[in-house]
Amino acid sequence: MMNEECGVVGIASRNPVSVSIYYALRAIQHRGQESTGISVFDSTLCRIKTHKSMGLVERAFGSRDLDKLKGNIGIGHVRYSTAGGSRIENAQPLTISTQFGEISLAHNGDIVNADALRAGRKKEGWAFTTETDSEVIVRLFAGELSQTKDPVRAMARVMRQISGSYSLTILVGNRLFAVRDPNGIKPLCIGKLPSGSGGAGSGAINGASGGNGGGGYIAASESVSLDLLGAELVMDVQPGEMVEITADGIAGSIIAPGAPRAHCMFEYLYFARDDSVIDGRLAHEVRESIGERLAEEYPVKADMVVPVPDSGRTYAIGYAKRSGIPFDEVLIKNRYIWRTFIMPGQEQRDINVRLKLNPIKGLINGKRIVLVDDSIVRGTTMRRIVNLVRSAGAKEVHVRVGCPPIVSPCYLGIDMHTVDQFIAAGRQIEEVKKEIGTDSLGYISIGSMVKAVGLGNSLCVGCLTGKYPVPPPDNATPRKTKQKCI
Ligand code: SF4
């Protein structure tokens, strides 16, 4: 399983925003489960107040925590980190004090030249309190702000220095900004919040709608946050754009022009929720279309199309539709198992798989099965699921995959760091087929995947081709030692 590396939110309204941010974060919890935080500008105290915690949004915030975050403008964050970086100090938003007041930043992405920038600034005497990319961004921004006195010009200068993927929500005192990197690698959209309706006041997180009735605007990593709050999707932040968000409107300008668009194709195939619209494309439609194209590229005579739950479901629906082979959910997921321990020995590992998935033997026995999933990275999970289906009596098992073979690391904020973790790297499809023990194997082609996404050449496909929209770091190794997403 791969991990996304964070989600961001920012809201400006005429009413308190902490509860709305809480709900918006819960909608994008899949983007990071290790820590979370909310910062709001408290106009009474004239300062930014923050609550951060390890773990899920639901457990991190009680009504009293949200009550203390009084303010009509704020940002939020959910975070995934590598194991070593899962510490409260690295939770976001990250707030620093400057001569112009406080700045708070939430970041989704990865700055490939952060180490070099940090080293250079350290030589100049700068002090850093974390090893995170976010601190590099926020300190560069503060430095440029002291020169320019203008957040937009300051960010334009920062964007000329940093390279990588970043979608940001930033509080500069009582002003809220949303920023997207010049290639638009990570998603970031803006919605208009409803006004006049009831909704939850500050602190009311039980049984409330999450909207605050005060109107205004929201920026979020995925449109599902907007849906939850009843907001209307207005726009995607454009690559290289900085948008100021107030309760009354939005005003954006492209401050880092000229780079080719390179939206992460993995958002459409894997990370984003099925119901998210990213840069005008609904993830569900993309996945179903890929499933249909898979059926055209890799037809097979079979009795049943079976999704790997839940990740393969939409692809399998598309495959079944186009092939005419009946769709059935005969692998039943135990929804109350989130983690299993890594245990030695094949028997224990098989128990782990069966703990999560149980095949309905009576429906599988004697059947030719098309098993569909969104992607294969290491291949270990797929091998176990194929075994599981065979052990339930399947006559044949044919695997179809919604993502083309992953062969290169991601330097841009996804937890795929080394080539040796990819089963498809350096192997022919036939070898992968043997490794996972399937009767046939079909990955969607890159061309068909790109057509299904429907954005032409505006995609990053670096992990499929080794060609990235920004140069990889000098040592060509993703920065594993630092905390991701910052
Ligand atoms: S390399 Fe792959 S996972 Fe990373 S940003 Fe590009 S498409 Fe997304």
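This text goes with the structure placed above it.
A few points on the structure. Just so we're clear, the structure is a prediction, and the values are computed from it rather than from any experiment.

Position of serine 276 among the secondary structure elements: in the loop between α8 (265-271) and β15 (277-278). One polar contact links serine 276 to glutamate 222, side chain to side chain, over a distance of 2.5 Å. In this structure serine 276 touches Glu222, Ser223, Val224, Arg281, Leu282 and Ala283, once residues within four positions along its chain are discounted.

Below, the discussion takes up the site of the ligand. Contacts to the ligand come from Ile185, Cys264, Met265, Phe266, Cys410, Leu412, Ile414, Met416, Cys460, Gly462 and Cys463. Its atoms largely coinciding with the cavity grid, the ligand occupies the largest cavity. Of all elements in the fold, only α8 and α16 (462-465) reach the threshold of two or more residues within the shell around the ligand. Of the residues belonging to the shell around the ligand, the class tally is ten nonpolar, one polar and no charged.

Buried residues dominate strand β12 (residues 241-245), accounting for five of its five residues. Here four bridges tie strand β8 (residues 175-180) to β12, and the two strands are oriented antiparallel to one another. Residue pairing in the sheet places phenylalanine 177 in a bridge with glutamate 244 of β12. When β12 meets strand β13 (residues 250-254), the two strands line up antiparallel, connected through five bridges. From the neighbouring strand, glutamate 244 faces β13, where its bridge partner is alanine 251. Between β12 and the antiparallel strand that follows it, β13, lie four residues.

In spatial order, the strands read β17-β20-β21-β22; together these four strands make up an open sheet with parallel pairing. Each edge of the sheet is formed by a strand with only one pairing partner; in this case those strands are β17 (304-307) and β22 (440-443). Averaged over all pairs of adjacent strands, the angle between strand axes in this sheet comes to 20°, irrespective of strand direction. Bridge count for strand β21 (residues 396-401) against β22 is four bridges, and the pairing is parallel. For valine 399, the partnering residue across the bridge sits in β22 and is leucine 441. The sheet strands contacting helix α14 (residues 429-436) are β21 and β22, and the helix crosses β22 at an angle near 125°.

This paragraph deals with the sheet that holds β12. Overall, antiparallel pairing links the six strands, which are arranged β5-β6-β7-β8-β12-β13 in an open sheet. Every interior strand has two partners, whereas the edge strands, β5 (94-98) and β13, have only one. The mean angle between the axes of side-by-side strands here comes to 20°, regardless of whether they run parallel or antiparallel. In this structure, strand β6 (residues 101-111) lies alongside strand β7 (residues 164-172), joined through nine bridges in antiparallel fashion. By the bridge assignment, asparagine 108 is partnered in β7 with serine 167. Relative to β6, helix α5 (residues 133-148) is tilted by about 135°, and along the sheet it contacts β5, β6 and β7.

Buried within helix α15 (residues 446-453) we find Ser448, Met449, Val450, Ala452 and Val453. The first or second residue beyond α15 is glycine 454, which carries a positive phi of 85°.

Taken across its six residues, β8 has five buried, putting it largely inside the fold. Direction of pairing for β7 relative to β8: antiparallel, over a ladder of six bridges. Each bridged residue has a counterpart across the sheet, and for serine 167 the counterpart in β8 is arginine 180. Connecting the antiparallel pair β7 and β8 is a turn made up of two residues, with glycine 173 showing a positive phi of about 60°.

Here is what the cut-offs are and how they apply
Residues numbered from 1 in each chain as written. Predicted model: local features only at pLDDT ≥ 70, side-chain atom pairs only at ≥ 80, totals over all residues. Heavy atoms only, no water. Helix = DSSP H or I, 4+ residues; strand = E, 2+ residues; numbered from the N terminus. Polar contact = N/O pair within 3.5 Å; in protein donor to acceptor, adjacent residues only side chain to side chain. Contact = heavy atoms within 4.5 Å. Near = heavy atom within 4 Å. 1 Å grid on protein atoms, 1.4 Å probe; cavity = no way out; pocket = protein on both sides within 12 Å on 5 of 7 lines; lining within 4 Å. Sits in = over half its atoms within 2 Å of the grid points. Nonpolar A, V, L, I, M, F, W, Y, C, P; charged D, E, K, R; others polar. Buried < 20%, exposed > 50% of the residue type's maximum accessible area, 1.4 Å probe, protein only. Pairing = 2+ DSSP bridges. Axes fitted to C-alpha atoms, helices over the stretch in contact; angles between N-to-C directions.

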